[in-house]
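Chain by chain, the residues run as shown.
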Amino acid sequence: MTEPGRLKKSESLEIRIPYPTKEAFMARCRADGRSASEALRAFIDQQLEAPAKPRSPRKGLRLVVGAAIAAAVGAAALPSLARPSLGAAQFDRIDADHDGVLSRAEYAAR
């Protein structure tokens, strides 16, 4: 029969972790002289005893900072997008030898 105040451990918890992490955890538990189950139960108890942490405002701050950076990059790129590109007629006028390629001399002479 179980002792008063101690609940029977009848539930299990399955977690997925990388094999090297599992091996390192098991080695640490052996070095500490306790089972992996004992270590995990102690961790869970500690988490349940600790007061709940409020959500970090940093997440929202990261979103605002990311949006500000994107806006700054967009503002810097906007003038280059606003410049008109060469139209076909302008290109033909600058391409003096009509080879379909602008040389530095042709571009500078425009």
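Residues numbered from 1 in each chain as written. Predicted model: local features only at pLDDT ≥ 70, side-chain atom pairs only at ≥ 80, totals over all residues. Heavy atoms only, no water.

The subject of this paragraph is helix α1 (residues 19-32). The end-to-end C-alpha separation of α1 is 20 Å, in line with the 20 Å expected for 14 residues at 1.5 Å each. Positive phi appears at Gly33, one or two residues downstream of α1, with a value of about 75°. (Helix = DSSP H or I, 4+ residues; strand = E, 2+ residues; numbered from the N terminus. Expected span 1.5 Å × (residues − 1).)

Backbone geometry at His98 places phi at a positive 50°, although glycine is not the residue there. If you trace the backbone, His98 turns up in the loop between α4 (88-94) and α5 (104-108).

Its boundaries defined by the atoms lining it, the largest pocket holds a volume of some 730 Å³. Lining of the largest pocket is provided by 20 residues; of these, Leu13, Ser37, Leu40, Arg41 and Ile44 occupy positions nearest its centre. If you list the elements that add at least two residues to the lining of the largest pocket, you get α1 and α2 (36-49). Tallying contributions element by element places α2 first for the lining of the largest pocket, with seven residues. The class makeup of the residues in the lining of the largest pocket is ten nonpolar, three polar and seven charged. (1 Å grid on protein atoms, 1.4 Å probe; cavity = no way out; pocket = protein on both sides within 12 Å on 5 of 7 lines; lining within 4 Å. Points joined across faces, edges and corners; volume = space filled by probe spheres on them. Nonpolar A, V, L, I, M, F, W, Y, C, P; charged D, E, K, R; others polar.)

At a minimum axis distance of 9 Å, the contact between α1 and α2 shows a crossing angle of 95°. On the basis of the axis angle, α1 is roughly perpendicular to α2. Where α1 approaches α2, its residues Phe25, Met26 and Cys29 are matched on the opposing element by Ala36, Ala39 and Leu40. Residues of the contact of α1 with α2, tallied by class, amount to six nonpolar, no polar and no charged. (Axes fitted to C-alpha atoms, helices over the stretch in contact; angles between N-to-C directions. Parallel < 35°, antiparallel > 145°, perpendicular 65-115°, else oblique. Contact = heavy atoms within 4.5 Å.)

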